[in-house]
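Inside the fold
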Amino acid sequence: MNQTPRILVVLPWLPERRSGGGIVLYELLVWLRERAGQTGEVAVVATVPTTRHIELKGLADDPALSGGLWHPVEERRRPGISGRLGRMLGRLPADMAKAATAENVARLEALRASMRPPVELAVSSWALAAYRGQAFAEGTRLFMVNVDHEIVRQAMPAVFSARAVGRALVRKLACAIDRPTGLAMSRRALATAARVGAISPADIATLNRLGGRSDVGYLPPLMQPRMLDRSGAVAGSVLVTTNFSYSPNVESLAWFLREVWPRVSDAARLTVAGLDDGGQLAALCRRHARVDYVGWLAPAGLDGAFAKTAVAVNPTRSGSGFQVKLLDAIARGVPIVSTAWSNKLGPAIPSSDDPAELASLITARLEPGRTPTFDYAAFYREACAAWERFLFA
């Protein structure tokens, strides 16, 4: 096994910690940086909107990612309606087209030639934007964090104002136009990668079919154990984390507050944390009793919220991939209840899609437990071993 690896990682978006996808990439890079050690090299090529170079600098200065070499893939977009229509009607998904330039292709090829990495890892079919002819280089490993074209086909968001209705209709139209090109890119990525790993076992059959393969494997998400002191957990406290810019989260939380939360014991109080989208999340929370919206929480604040809660809830009912809401809780030793649809971890996580049963599962866990109910240490060991095999075996 190579003890001083050179690893080239191509990402379709920044590994920031404000969204589930960003958290998955951030934790993966932390593990890769530790795996490379002091003598190895991790070069990261990431798509960076021109407005977010400050965030790129923050990642480069992050102690947990120290020693990583960052190479931005710049977005280029023609302004105005003509530019938007061109991206929507082109042969590539609109978000991918912004980075699929000759300059970016040349930048990646020059980096590969100078680095000669034994291991090249791409995340998502959207990473193809920086590859010549939208085909992966020989030997590239592909990590699929979603069934990409399925997250393009998003359900109509729940909306709470006339202005939001207009935004939702535009988003719905853009997604409908993008889906066929997104499907084509998924097939191309899956067909040209040397190895493919799926973040969720539930996605494997679909990815094998799309890529004409039979060898897609399960690659669990990586998040280092961070067990919290839960001696101050408050009886009756319930926590939901979310990102309201993602339509399945909007629909799922609206369903949970409407169908499940009224059935939970009146002794319970819900805290909702996460990114809002135009004030819609705050407005939704105000409509329901015993619900507090606390905004997006930085890592220290999120640790504090998890330490105080009796139980966390994952209400997700649509989308694909692996819900980071589950990972956030179990990595900290916090009990969590989930919909059965989004429970990728089996019977160790109490789950149900029935509103009354889900409410009962929550009510039964309103007294804080002191002992973690999920063996996260074993899960993390198995995840690390799977990644070792995928990248280095």
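Source: prediction; values computed, not measured.

**Structural notes on the sheet that holds strand β11 (residues 311-314)**
Reading across the sheet, the five strands line up as β10-β9-β8-β11-β12 and stay open at both edges, with parallel pairing between neighbours. Looking along the sheet, the strands with just one partner apiece sit at the ends: β10 (291-293) and β12 (336-338). Adjacent strand axes in the sheet meet at a mean angle of 25° when their direction is disregarded. Against the sheet, helix α11 (residues 299-308) contacts β8 (237-243) and β11, and its axis sits at roughly 145° relative to β8. Sheet contacts for helix α13 (residues 355-363): β8, β11 and β12; angle to β12, the most-contacted strand, approximately 180°.

**Let's talk about the layout of surface pockets**
Space inside the second largest pocket adds up to approximately 240 Å³. Along its surface, the second largest pocket is lined by P15, E16, R17, R18, Y26, E55, G58, L59, D62, W296 and P299. Of the residues forming the lining of the second largest pocket, the biggest block, three residues, is contributed by helix α2 (residues 53-60). Of the residues in the lining of the second largest pocket, the class split is five nonpolar, one polar and five charged.

**Remarks on the pattern of salt bridges**
Taken as a whole, this structure holds 13 salt bridges when the rule is applied. Residue E120 pairs with R112 through a salt bridge whose shortest N-O separation is 2.9 Å. For the residue pair E120 and R112, the accessibility class agrees, reading buried in each case. Residues R258 and E259 are paired through a salt bridge, measuring 3.1 Å at the closest nitrogen-oxygen approach.

**Re the packing of helix α9 (residues 247-260) against α13**
Close contact between α9 and α13 brings their axes to 10 Å; oriented N to C, the two are set at 85°. Here α9 lies roughly perpendicular to α13, going by the angle between them. Of the residues in α13, those in contact with W255, F256, E259 and V260 of α9 are P355, L358, A359 and I362. Grouping the amino acids of the contact of α9 with α13 by side-chain chemistry returns seven nonpolar, no polar and one charged.

Conventions and cut-offs
- Residues numbered from 1 in each chain as written.
- Predicted model: local features only at pLDDT ≥ 70, side-chain atom pairs only at ≥ 80, totals over all residues.
- Heavy atoms only, no water.
- Pairing = 2+ DSSP bridges.
- Helix = DSSP H or I, 4+ residues; strand = E, 2+ residues; numbered from the N terminus.
- Axes fitted to C-alpha atoms, helices over the stretch in contact; angles between N-to-C directions.
- Contact = heavy atoms within 4.5 Å.
- 1 Å grid on protein atoms, 1.4 Å probe; cavity = no way out; pocket = protein on both sides within 12 Å on 5 of 7 lines; lining within 4 Å.
- Points joined across faces, edges and corners; volume = space filled by probe spheres on them.
- Nonpolar A, V, L, I, M, F, W, Y, C, P; charged D, E, K, R; others polar.
- Salt bridge = Lys/Arg side-chain N within 4 Å of Asp/Glu carboxyl O.
- Buried < 20%, exposed > 50% of the residue type's maximum accessible area, 1.4 Å probe, protein only.
- Parallel < 35°, antiparallel > 145°, perpendicular 65-115°, else oblique.

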